[in-house]
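Below are the chains, spelled out letter by letter.
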Amino acid sequence: MEQTLSIIKPDAVAKGVIGKILDRFESNGLKIAAMKKVQLSRQDAEAFYAVHAARPFFNDLVDFMVSGPVVITVLEGENAILKNRDLMGATNPKEAAPGTIRADFAENIDANAVHGSDSAENAAIEIAFFFSGREIS
């Protein structure tokens, strides 16, 4: 079984669509192996998105991610990374396929509702950033 990290971002949490997004995961064969709702600190957001530190959008991304609580999940299932990325849709919701999470719940490329790991290597790093082994079942 493959695992991946998903973050329901502040915009989607504020809209009250946590349950709808979680249902998309479960209805498509992904098990929620761990979950928590947290308010990221600036330090947390900067560390998590450090790979983007040199990019012009980094400060706006960090500001957005600390603007409200997020729901962080470890999703598990066959081909979990690809399945989650398919469910999320394109980063820009205007380019996301109809019926994807971003097409249905995101406002724009900055407030795009969800984050998902893009590779097995990054999934392992991202999961370890937020969860200890004993928190994942």
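Since we're looking at a predicted model, the values are computed, not measured.

## Quick word on the UniProt feature "domain: Nucleoside diphosphate kinase-like" (unreviewed entry) in the chain
Okay, step 1: UniProt tags residues 1–137 as "domain: Nucleoside diphosphate kinase-like" (unreviewed entry).
Okay, step 2: With 41% helix and 19% strand, the stretch residues 1–137 has end C-alpha atoms that lie 12 Å from each other.

## Points about the pairing of strand β1 (residues 2–8)
Okay, step 1: Counting buried residues along β1, five of its seven residues qualify, which places the element largely inside the surrounding structure.
Okay, step 2: Here β1 pairs with strand β4 (residues 114–116) via three bridges, running antiparallel. Across the sheet, I8 pairs through a bridge with V114, a residue of β4.

## Considering the packing of aromatic side chains
Okay, step 1: This model, assessed by the stated rule, comprises four aromatic pairs.
Okay, step 2: Ring geometry for F48 against Y49: centres 4.9 Å apart, planes inclined by 90°, an arrangement best described as edge-to-face. Y49 shares its class with F48; the two are buried.
Okay, step 3: Summarising the aromatic geometry, the rings of F48 and F130 are spaced 5.0 Å apart at their centres and angled 45° between planes, so their arrangement reads as tilted. Linking F48 in helix α3 (residues 42–48) with F130 in helix α7 (residues 120–130), this pair joins segments that are 82 residues apart in sequence.
Okay, step 4: The structure contains a cluster of three or more aromatic residues connected by ring pairs, namely F48, Y49, F129 and F130.
Okay, step 5: Seen from the ring of F131, K36 lies directly overhead, with NZ or CZ sitting 4.6 Å from the centre.

The rules behind each value
Residues numbered from 1 in each chain as written. Predicted model: local features only at pLDDT ≥ 70, side-chain atom pairs only at ≥ 80, totals over all residues. Heavy atoms only, no water. UniProt positions renumbered as here; feature names shortened; annotations may be inferred. Helix = DSSP H or I, 4+ residues; strand = E, 2+ residues; numbered from the N terminus. Buried < 20%, exposed > 50% of the residue type's maximum accessible area, 1.4 Å probe, protein only. Pairing = 2+ DSSP bridges. Phe/Tyr/Trp six-rings, centres within 6.5 Å; stacked < 30°, edge-to-face > 60°. Lys NZ or Arg CZ within 6 Å of the ring centre and 35° of its normal.

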